[in-house]
Amino acid sequence: MTETETYAEFRAAVNMTAGELEKWLATDESRSVGQKSSDDAESVGHGSGRAIVRLLRTKKADLTAADEQHMRKVVGYVHRHLAQRPSGDVRDTKWRYSLMNWGHDPLKK
């Protein structure tokens, strides 16, 4: 995948703005989900969300190879997680909260 394709897929997968994601990451719901390495540690998704905020605020020309690698990770996570959508109303589910930590709100139009 080229840099341009990675960037386009990342921008398609991440449907929250930097401001929306930053506000979400400050909530208890955001911190309540995800895989943690220890009791007080930040979850993988929460840490990814902080990285995504930074990526969204970085000019495309200033992105590094490491940034591109994280963008690919985000795209993969969002696509895999969307395929596991539970039935029914997902508004207040850990499934949605986890996706939102990765910058994608499945309820956003």
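Please read these numbers as outputs of a predicted model, since none were measured by experiment.

A. How the structure looks around the packing of aromatic side chains. A complete count under the given rule lists 2 aromatic pairs for this structure. Ring plane angle 45° and centroid distance 5.3 Å describe the contact between Trp-24 and Tyr-97, whose orientation is recorded as tilted. On the criterion of sequence distance, the pair formed by Trp-24 in helix α2 (residues 18–25) and Tyr-97 in helix α6 (residues 94–101) is long-range, its members being 73 residues apart. Exposure class is identical for Trp-24 and Tyr-97. Each is buried. With a centroid separation of 4.3 Å and 15° between ring planes, the pair formed by Tyr-77 and Trp-102 is classed as stacked. One end of the pair, Tyr-77, is in helix α5 (residues 65–82); the other, Trp-102, is in the segment after α6, with 25 residues separating them in the sequence. Comparing Tyr-77 with Trp-102, the two get one shared label, buried.

B. Representation of the side chain of Thr-6 within the structure. With respect to the helices and strands, Thr-6 occurs in helix α1 (residues 3–13). Apart from the residues within four sequence positions on either side, Thr-6 is in contact with Met-1, Glu-68, Met-71 and Arg-72.

C. Here's a closer look at the side chain of Ser-30. Relative to the assigned elements, Ser-30 resides in helix α3 (residues 28–31). In this view, Ser-30 contacts Trp-24, Leu-25, His-46 and Asn-101; residues no more than four positions away in its chain are not counted.

D. Representation of α6 in the model. Most of α6 is tucked away: 7 of the 8 residues are buried. If you check which residues of α6 are buried, you get Trp-95, Arg-96, Tyr-97, Ser-98, Leu-99, Met-100 and Asn-101. Elements that come into contact with the buried residues of α6 comprise α2, α3, α4 (44–56) and α5. Of the residues trailing α6, Gly-103 is marked for its positive phi of about 90°.

The rules behind the values
- Here the residue numbers are simple positions, counted from 1 along each chain's written sequence.
- Per-residue local features of the predicted model are confined to residues with pLDDT of at least 70, and side-chain atom pairs are confined, for both listing and counting, to 80 or more; whole-chain, interface and lining totals are unaffected and use all residues.
- In computing side-chain values, all of the structure's heavy atoms are included and hydrogens and water are not.
- Two aromatic rings from Phe, Tyr or Trp, using only the six-membered ring of Trp, form a pair when their centres are within 6.5 Å; if the ring planes differ by under 30 degrees the pair is stacked, by over 60 it is edge-to-face, and anything between is tilted.
- Secondary structure is summarised from DSSP: a helix means a run of H or I of at least four residues, a strand means a run of E of at least two, and numbering begins at the N terminus for each.
- Using a 1.4 Å probe on the protein chains alone, a residue whose accessible area is under 20% of its type maximum counts as buried, one over 50% counts as exposed, and one in between counts as partly exposed.
- The criterion used for residue contact is that any of the two residues' heavy atoms lie within 4.5 Å.

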